[in-house]
Every structure is written in C-alpha cells, then in structure tokens.
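Geometric and topological summary
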Amino acid sequence: MNRIKEVLEQKGIKQTWLAEKLGKSYNMVNAYAQNRQQPRLETLMEIAEILNVDVKELIISNKEK
C-alpha cells in the first residue's frame, strides 16, 4: 500500500483536504495515493510537512521485517 495513503488513513485525513492544502487537484493527490504518479521531491516534502510526519515515513515502509 502507498505510504501517503496509509498516513492519510491513520490520521483520518481525506485526500480532498490534502489537495486543498497543497493547492493541487484531487485527481493529482489521488494519483499520488494510488501510485499512478510520483510527486516531485519538493511536493513530497510539502506533503510530509502538512501531515506532520518525517518525509522518510512517506517513502520507507514501516512494516516489521
């Protein structure tokens, strides 16, 4: 599962809210969440800041090995 989508679900945040905060369309944020498109590094860092998580949490799985 996509880490952006996981964090949104954990925090109870909707993709529409994130899209509004980023100034991007819902379709673009949904593409990030569904792994159809990868955000630019700058955008990924902005998403991490908005969600109040370390950017590494969005790119590294936290599943136990």
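The rules behind the values
- Residue positions are counted from 1 within each chain, in the order its sequence is given.
- Local features in this predicted model are restricted to residues of pLDDT 70 or higher, and side-chain atom pairs are both shown and tallied only at a pLDDT of 80 or more, whereas totals for entire chains, interfaces and linings draw on every residue.
- Processing note: side-chain calculations cover all non-hydrogen atoms of the structure and skip hydrogens and water entirely.
- Think of a salt bridge as a Lys or Arg side-chain nitrogen and an Asp or Glu carboxyl oxygen that are within 4 Å of each other.
- The helix count covers DSSP runs of H or I at least four residues long, the strand count covers runs of E at least two residues long, and both are numbered beginning at the N terminus.
- Working definition: with a 1.4 Å probe on protein chains only, accessible area under 20% of the residue-type maximum means buried, over 50% means exposed, and in between means partly exposed.
- We call a set of buried residues a nonpolar core when its members are Ala, Val, Leu, Ile, Met, Phe, Trp, Tyr or Cys and they connect through side-chain atoms within 4.5 Å of each other.
- Whether two residues touch is decided by their heavy atoms; if any such pair falls within 4.5 Å, the residues are in contact.
- One confidence number per residue, pLDDT, is output by the predictor and ranges from 0 to 100.
- Under the rule applied, a polar contact is a pair of N or O atoms within 3.5 Å (in protein, one hydrogen donor and one hydrogen acceptor; residues adjacent in sequence only if both atoms are side-chain atoms).
- Between the N-to-C directions of two axes lies an angle of 0 to 180 degrees, each axis being a line fitted to C-alpha atoms and, for a helix, fitted only over the stretch in contact.
- Should the near helix be turned anticlockwise from the far one by less than a right angle, the crossing is left-handed, and should it be turned clockwise, the crossing is right-handed.
- Residues are grouped as follows: Ala, Val, Leu, Ile, Met, Phe, Trp, Tyr, Cys and Pro are nonpolar; Asp, Glu, Lys and Arg are charged; every other residue, Gly included, is polar.

1. Focus: the pattern of salt bridges
Counted by the stated rule, this structure contains two salt bridges. In this structure, R3 and E6 form a salt bridge, with 2.3 Å as the shortest nitrogen-oxygen distance. In this pair, R3 and E6 both sit in helix α1 (residues 3-11), three residues apart, roughly one turn of the helix. The same class applies to R3 and to E6, which are both buried. Here R40 ties to E42 by a salt bridge, and the two come within 3.5 Å at their closest N and O atoms. The exposure class of R40 is exposed, given its relative accessible area of 60%.

2. Considering the nonpolar core
Counting residues in hydrophobic clusters, the biggest one holds 14 residues, and the most contacted among them are I4, L18, I47, L51, V53 and L58. Put simply, the parts of the chain that give this core at least two residues each are α1, α2 (15-22), α3 (26-33) and α4 (41-51). The greatest single-element share of this core, amounting to four residues, is contributed by α4. Setting aside residues no more than four positions away along its own chain, L51 makes contact with V7, L8, K11, I13 and L18.

3. Examining α3
If you check which residues of α3 are buried, you get V29, N30, A31, Y32 and A33. Tucked inside the fold, the buried residues of α3 contact α1, α2 and α4.

4. Let's talk about the environment of L58
With respect to the helices and strands, the residue L58 is situated in helix α5 (residues 55-59). Excluding residues that lie within four positions of it along the chain, L58 makes contacts with R3, I4, V7, L44, I47, A48 and V53.

5. Things to note about the confidence of the model for the protein chain
Reading predicted coordinates in detail is not appropriate for stretches of low pLDDT. A residue-level look at the protein chain finds 92% of positions with pLDDT of 70 or above and a mean pLDDT of 91. When the elements of the protein chain are averaged for pLDDT, α5 gives the smallest value, 90, and α2 the largest, 97.

6. Here we look at the side chain of R3
Overall, the relative accessible area of 7% leaves R3 in the buried class. Of note is the side chain of R3, whose polar atom sits 2.6 Å from the backbone oxygen of E57.

7. Looking at the packing of α2 against α3
A packed helix pair is summarised by two numbers, namely the angle formed by the two axes and the spacing between the axes. Where α2 contacts α3, the two axes come as close as 8 Å, and the packing angle between them is 115 degrees. Of the two possible hands of crossing, α2 and α3 adopt the one that is right-handed. Of α3, the residues touching α2 (which contributes Q15, T16, L18, A19 and L22) are Y26, V29, N30 and A33. Residue composition of the contact of α2 with α3, grouped by class: six nonpolar, three polar and no charged.

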